[in-house]
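Chain and residue survey
Each chain, letter by letter, is given below.
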Amino acid sequence: MTGTETPRETAVRAGRGGGAGATGPAVWSRDFALFFTARAVAALGDTMLPVALAAGLLAHGYGAGAVGGAMASSAAAFAALVVLGGVVADRFSTRRLMIGADLARLVTQSLAAALFFTGHVVLWQICAIGVVNGVAAAVFQPGVASTVPRLARDVQGANGAIRLAESGAQLAGPAVAGLLVGFSSPGWVFVVHAATYAVSALCLLLLRLPAAPGGADTAGGGPRPGGAPAGRRPGAFRADLVQGWREFRARPWLWGVIAVWSLYMVAVWGPAVPLVATEVVGHHGPRAYGLVNSALGAGTVVGGLLALRLRPRRMLRAGALALFVFFAFPAAVGAGLGVAAMAAGAAVAGAGISFWGVMWATSVQTQVPADVLNRIHAYDVAGSLAMMPVGRALAGPAAAAVGADRVLLAAAAISLVVPAVMLAVPAIRGLVRADAGAPAS
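Here goes a summary of the coordinates provided. (Residues numbered from 1 in each chain as written. Predicted model: local features only at pLDDT ≥ 70, side-chain atom pairs only at ≥ 80, totals over all residues. Heavy atoms only, no water.)

**Quick notes on the overall build of the protein**
- On a plain count of helices and strands, the protein comes out with 17 helices and zero strands.
- Within the protein, the proportion of its 441 residues that are buried is 50%.
- If you take every contact in the protein between residues at least 6 apart in sequence, the share linking residues at least 24 apart comes to 87%.
- Accessible surface, the protein as shown: approximately 17,800 Å² in total, 69% of it carbon and sulfur. (Helix = DSSP H or I, 4+ residues; strand = E, 2+ residues; numbered from the N terminus. Buried < 20%, exposed > 50% of the residue type's maximum accessible area, 1.4 Å probe, protein only. Contact = heavy atoms within 4.5 Å. Areas by Shrake-Rupley, 256 points an atom, 1.4 Å probe, with all protein chains shown as cover.)

Here it is, written out as structure tokens:
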């Protein structure tokens, strides 16, 4: 409980695991199955997109810079607007917003497919489509945080199941996209990607989303605190934005993790992604890089399975301990070990970061009051992503100055420092899960 919560909010938060209610299913129900399908299918399409963009743009005479720019257009729009998307999600129907975002991306990806089929591929048009997709993602993503606890009493189990689906998509998506590109054309990948958004929108349309806990109708644009109708109070949008920031600052465990995670993005994850690719491909070839990536994906599946089974009383402490094993991935590549050792390091790292992801998502969804959860999640996503482009931008100059291997070894060392700092903060390591009365592992 924080100083900003009322006893009623605390009771709601501690007693809730979702909108399914105390008598509803812990995880699997008709509605959660629909939401799970929507997330799994959309994740599959999203992992196919980079292959289609790279193959399609290169085939039309563009270079690596154009591919990066097309991908960055979507990421930049998402990062810039996701906080505002959180405010919108707390004021209007999250389900309708997510359906609208899916339909918007159905249109944009269908348009992209038409451009590639006709051969009239212009970079600025592809980037403009990316910007629209980023805006749609910024509207969609905040609602995910509040939807999961409304569909399942076992929020950790639900997050673990979704993480497994995302991990499976990481394994299957690029392979499926590669086959489509190899046997047909990049345009068909965009057709399939558009179809995944159609399936997601249909699943969300069929979804019966329970009312938000605590009586706040965050899903339907109904009465707001203070009695004013949603969307009609003067200055309400700005007030909601400020309130979300205050709620964010009022939880030291929340902003403490985000602050430390910014270092992780700059010094570990940001440089690791491009430098691992260049080192593995340069010394062992693209097949070896594919094997290492597959091992990383397999590790995330293992981490998701562990998150389904283990129920630590202090979730952030357990997640931080799991993060220590990420050290093995950049260390193995930086030390120039063989492909088998790098793949093993990637698998262990994937398991650790996947387990952490479930612990973190569940902590946010169960510790934060429902009426501000979308905004808090938006601040979380924005803070987590803001520093990753910085890390990737600095990776090249740092590698040129001291060598990619040394940068990766430094990233490995810092990957040990980050969870150690988390464990050193009492608010983070001491946070007790909301359903503390449940059996703990």
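From this point on, the discussion continues.
**Quick word on the environment of Trp 253**
- With respect to the helices, strands and loops of the structure, Trp 253 is situated in helix α9 (residues 252-284).
- Taking the C-alpha atoms as reference points, Trp 253 and Ala 427, separated by 174 residues in sequence, lie 5.0 Å from one another.
- Not counting chain neighbours up to four residues away, the residues in contact with Trp 253 comprise Leu 316, Trp 360, Ser 363, Val 364, Gln 367, Val 368, Ala 427, Ile 428 and Leu 431.

**Quick look at a nonpolar patch on the surface**
- Side chains of Leu 81, Leu 84, Val 131 and Val 135 sit close together on the surface and give an oily, nonpolar patch of about 250 Å² of accessible area.
- For the nonpolar patch, the secondary structure elements donating two or more residues are α3 (64-91) and α5 (123-151).
- With respect to the helices and strands, the residue Leu 84 is situated in helix α3. (Patch = residues over 30% accessible without salt bridge, like charges linked within 9 Å, V, L, I, M, F, W, Y side chains within 5 Å. Salt bridge = Lys/Arg side-chain N within 4 Å of Asp/Glu carboxyl O.)

**Focus: the nonpolar core**
- Ranked by size, the top nonpolar core spans 58 residues in total, and within it Trp 253, Tyr 264, Phe 329, Trp 360 and Met 422 carry the most contacts.
- Broken down by element, the residue count for this core peaks at 13 residues, all from α9.
- For Met 422, the residues in contact, after removing those within four places along its chain, are Val 257, Val 260, Trp 261, Ala 320, Leu 323, Trp 356, Ile 428 and Arg 429.
- Counting 23 residues, the second-largest nonpolar core is a separate cluster that includes Phe 35, Ala 38, Ala 158 and Leu 204. (Core = buried A, V, L, I, M, F, W, Y, C linked by side-chain atoms within 4.5 Å.)

**Re helix α16 (residues 404-424)**
- End to end, α16 covers 30 Å across 21 residues, agreeing with the expected 30 Å (1.5 Å per residue, within 8%).
- When we look at burial in α16, the residues that qualify are Ala 404, Val 407, Leu 408, Ala 411, Ala 412, Ser 415, Val 418, Pro 419, Met 422 and Leu 423. All buried residues of α16 fall inside an arc of 165° around its axis, so they share one side. Turned more than 90 degrees off the buried face of α16, the exposed positions are Arg 406 and Ala 424. (Expected span 1.5 Å × (residues − 1). Arc of directions from axis to C-beta.)

**Section: the packing of aromatic side chains**
- In this structure the tally under the stated criterion is 12 aromatic pairs.
- Between Phe 116 and Phe 190 the ring centres are 4.9 Å apart and the planes differ by 15°, which places this aromatic pair in the stacked class. Taken as a pair, Phe 116 in helix α4 (residues 94-118) and Phe 190 in helix α7 (residues 186-206) lie far apart in primary sequence, 74 residues in all. As far as the burial class goes, Phe 116 and Phe 190 line up, both buried.
- Among the aromatic residues, ring-to-ring pairing joins Trp 253, Trp 261, Tyr 264, Trp 269, Phe 326, Phe 329, Trp 356 and Trp 360 into one connected group. (Phe/Tyr/Trp six-rings, centres within 6.5 Å; stacked < 30°, edge-to-face > 60°.)

Any functional reading would require information beyond the geometric quantities listed.
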